[in-house]
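Listed below, chain by chain, are the residues.
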Amino acid sequence: MTRERIDVGGLLFDNVNMAEALERVELKITQPDLFNEESSLLMAANQDIFNHIGKYKNLSTERLNRSFLIIPDGYSIVVGAKYLGTPLKERVAGPDLMKEFMAISQQKGYKNFFLGAAEGVAAKMADNFLSKYPELKISGIYSPPFGDFSDEEKAKIKNMINESGSDVLWVSFGCPKQEWWILENEAELNVPVIAGIGAAFDFHSGNKKRAPLFMQKLRLEWLYRLCIEPKRMWRR
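Residues numbered from 1 in each chain as written. Predicted model: local features only at pLDDT ≥ 70, side-chain atom pairs only at ≥ 80, totals over all residues. Heavy atoms only, no water.

Quick look at the overall build of the chain
Here's step 1: Along its length, the chain carries 11 helices and eight strands.
Here's step 2: When each of the 236 residues of the chain is scored for burial, the buried share is 53%.
Here's step 3: Carbon and sulfur atoms form 52% of the exposed surface of the chain, whose accessible area is close to 11,600 Å². (Helix = DSSP H or I, 4+ residues; strand = E, 2+ residues; numbered from the N terminus. Buried < 20%, exposed > 50% of the residue type's maximum accessible area, 1.4 Å probe, protein only. Areas by Shrake-Rupley, 256 points an atom, 1.4 Å probe, with all protein chains shown as cover.)

Structural notes on helix α1 (residues 18-30)
Here's step 1: Here α1 spans 19 Å end to end across 13 residues, near enough to the 18 Å set by a 1.5 Å rise per residue.
Here's step 2: Among the residues of α1, Met18, Ala21, Leu22, Arg24, Val25, Glu26, Leu27, Lys28 and Ile29 are the ones counted as buried.
Here's step 3: Structurally, the start of α1 carries an N-cap: the backbone nitrogen of Ala19 is 3.2 Å from a side-chain oxygen of Asn17. (Expected span 1.5 Å × (residues − 1). Polar contact = N/O pair within 3.5 Å; in protein donor to acceptor, adjacent residues only side chain to side chain.)

Quick look at the pairing of strand β7 (residues 168-172)
Here's step 1: With respect to burial, β7 is a largely interior element, five of its five residues being buried.
Here's step 2: On β7, burial covers both faces: Val168, Trp170 and Ser172 on one face and Leu169 and Val171 on the other are all buried.
Here's step 3: Bridge count between strand β5 (residues 111-116) and β7: five bridges; the pairing is parallel. Within β7, the residue paired with Asn112 across the bridge is Val168.
Here's step 4: Alignment of β7 against strand β8 (residues 193-196), held across four bridges, turns out to be parallel. The partner of Leu169 across the bridge, within β8, is Ile194.
Here's step 5: Each parallel crossover has a hand, and for β7 linked through helix α7 (residues 177-185) to β8 it is right-handed. (Pairing = 2+ DSSP bridges. Right-handed = clockwise from strand over helix to strand, strands pointing away.)

Examining the packing of α1 against helix α4 (residues 94-108)
Here's step 1: Taken N-terminus to C-terminus, the directions of α1 and α4 make an angle of 50°; their axes are 11 Å apart at the nearest point. Between α1 and α4, the angle falls in the class oblique. In terms of crossing hand, the pair formed by α1 and α4 is right-handed. Mapping the contact onto sequence places Met18, Ala21, Leu22, Val25, Glu26 and Ile29 in α1 and Asp96, Leu97, Glu100, Phe101, Ile104 and Lys108 in α4.
Here's step 2: Its residues placed into classes, the contact of α1 with α4 shows eight nonpolar, no polar and four charged. (Axes fitted to C-alpha atoms, helices over the stretch in contact; angles between N-to-C directions. Parallel < 35°, antiparallel > 145°, perpendicular 65-115°, else oblique. Left-handed = near helix turned anticlockwise from the far one by under 90°. Contact = heavy atoms within 4.5 Å. Nonpolar A, V, L, I, M, F, W, Y, C, P; charged D, E, K, R; others polar.)

Concerning the pattern of salt bridges
Here's step 1: All chains considered together, the criterion is met by nine salt bridges.
Here's step 2: Of the charged contacts, one joins Glu38 and Arg3 as a salt bridge, the two residues approaching to 3.1 Å between their closest N and O atoms. Here Glu38 is found in the loop between α1 and β3 (39-45), whereas its partner Arg3 is found in the segment before β1 (5-8), with 35 residues between them in sequence. The pair Glu38 / Arg3 is uniform in exposure class, with both members buried.
Here's step 3: The salt bridge partner of Glu38 is Arg24, with a shortest N-O separation of 3.3 Å. Of this pair, Glu38 sits in the loop between α1 and β3 while Arg24 sits in helix α1; the two residues are 14 residues apart in sequence, bridging distant segments of the chain.
Here's step 4: Members of the salt-bridge network, linked through shared partners, are Arg3, Asp14, Arg24 and Glu38. (Salt bridge = Lys/Arg side-chain N within 4 Å of Asp/Glu carboxyl O.)

This is the structure in structure tokens:
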């Protein structure tokens, strides 16, 4: 399947707008044979991923570039692409894509599994989505313990997912653990789309506030998050 991809720092971002990104997700679900050479990973990448490539276990640009879809989650990626003379169409933020896909899922019956974040966050997010999309099919919710998973926990997670019949698995372990975990386990998971979505769980649950819309439009969401979480965000 033909893709237009833009190289930013070695990662090959798909040059898509929101509608095109959503269309690609649906194609991965409904026509998986079109993506035989590609990973199930949907990566919403911002500048933080570059801090971990080559440092976190065996995470590499080569493995990440096998993703069936890489979207520019951060404005810095869009700015970088423009500076390099190969502009991307627009920023496609992970939390926005997730929200849009919930609306599509209600219309078309796609099943969504929410994995990760702190205890109770995924459940609250599910409640919030259901209040807006009452016919939404949620096939599973699970928040595993933090840290490395035991063999028993690994098997438990895989069994829960594979028995759920999910179309999309949304994973919030934080960057880069979620990307690494997806690439390491996707071959044993019967899910066509596995999205590393990070802070989207916190935003959609109300656990954390996202930057006001005017700051997002001014491309200052990074500044808002730095002010809210200075210790964690400063490393980026």
